[in-house]
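For reference, the chains in residue letters:
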Amino acid sequence: MFSPDNLDKVAYFGYWSDDTSHQRLVRDAVATRREAMLSCADEDVRTEELKQALLFLERHMTRPEHCARFRQNLDIRDPVQRVMAVRETLASIVKTLSPN
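Keep in mind that what you see is a predicted model, and the values were worked out from it rather than measured. (Residues numbered from 1 in each chain as written. Predicted model: local features only at pLDDT ≥ 70, side-chain atom pairs only at ≥ 80, totals over all residues. Heavy atoms only, no water.)

Student: A description of the side chain of His66 should follow, citing residues and the corresponding values.
Tutor: The topology assignment puts His66 in helix α3 (residues 65-73). What makes His66 buried here is its relative accessible area of 7%. If we ignore the near neighbours within four places in the chain, the residues touching His66 are Met61, Thr89, Ser92, Ile93 and Thr96. (Helix = DSSP H or I, 4+ residues; strand = E, 2+ residues; numbered from the N terminus. Buried < 20%, exposed > 50% of the residue type's maximum accessible area, 1.4 Å probe, protein only. Contact = heavy atoms within 4.5 Å.)

Student: Talk me through the packing of α3 against helix α4 (residues 79-97); I want residue IDs and the actual numbers.
Tutor: It is the contact of α3 with α4, at a shortest axis distance of 9 Å, that shows an interaxial angle of 165°. As far as their axial angle goes, α4 and α3 are roughly antiparallel. For the pair α3 and α4, the crossing hand works out as left-handed. Residues His66, Arg69, Phe70 and Asn73 of α3 pack against Arg82, Ala85, Val86, Glu88, Thr89, Leu90, Ser92, Ile93 and Thr96 of α4. (Axes fitted to C-alpha atoms, helices over the stretch in contact; angles between N-to-C directions. Parallel < 35°, antiparallel > 145°, perpendicular 65-115°, else oblique. Left-handed = near helix turned anticlockwise from the far one by under 90°.)

So, in structure tokens, the structure goes:
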């Protein structure tokens, strides 16, 4: 889902909409992480989709270490600590991706 092949290239008034597609993919990747955060206390959320979302964001972030930390936090055994750590890391990711 998060590979460059999934970028829809549609011409609008002579311009390609690559930027809009990229923004949509970033939003979808963050949404996939958010869903993982909400479910990680009760289930193993380390799916292929989440892996692809992490890899996609790592390639497009100024601070890719947040992706590695998110992945590591999913390995925490205590569910409460895992959720807290994942939530904190997700907030760091969103902050890094936000323009201001």
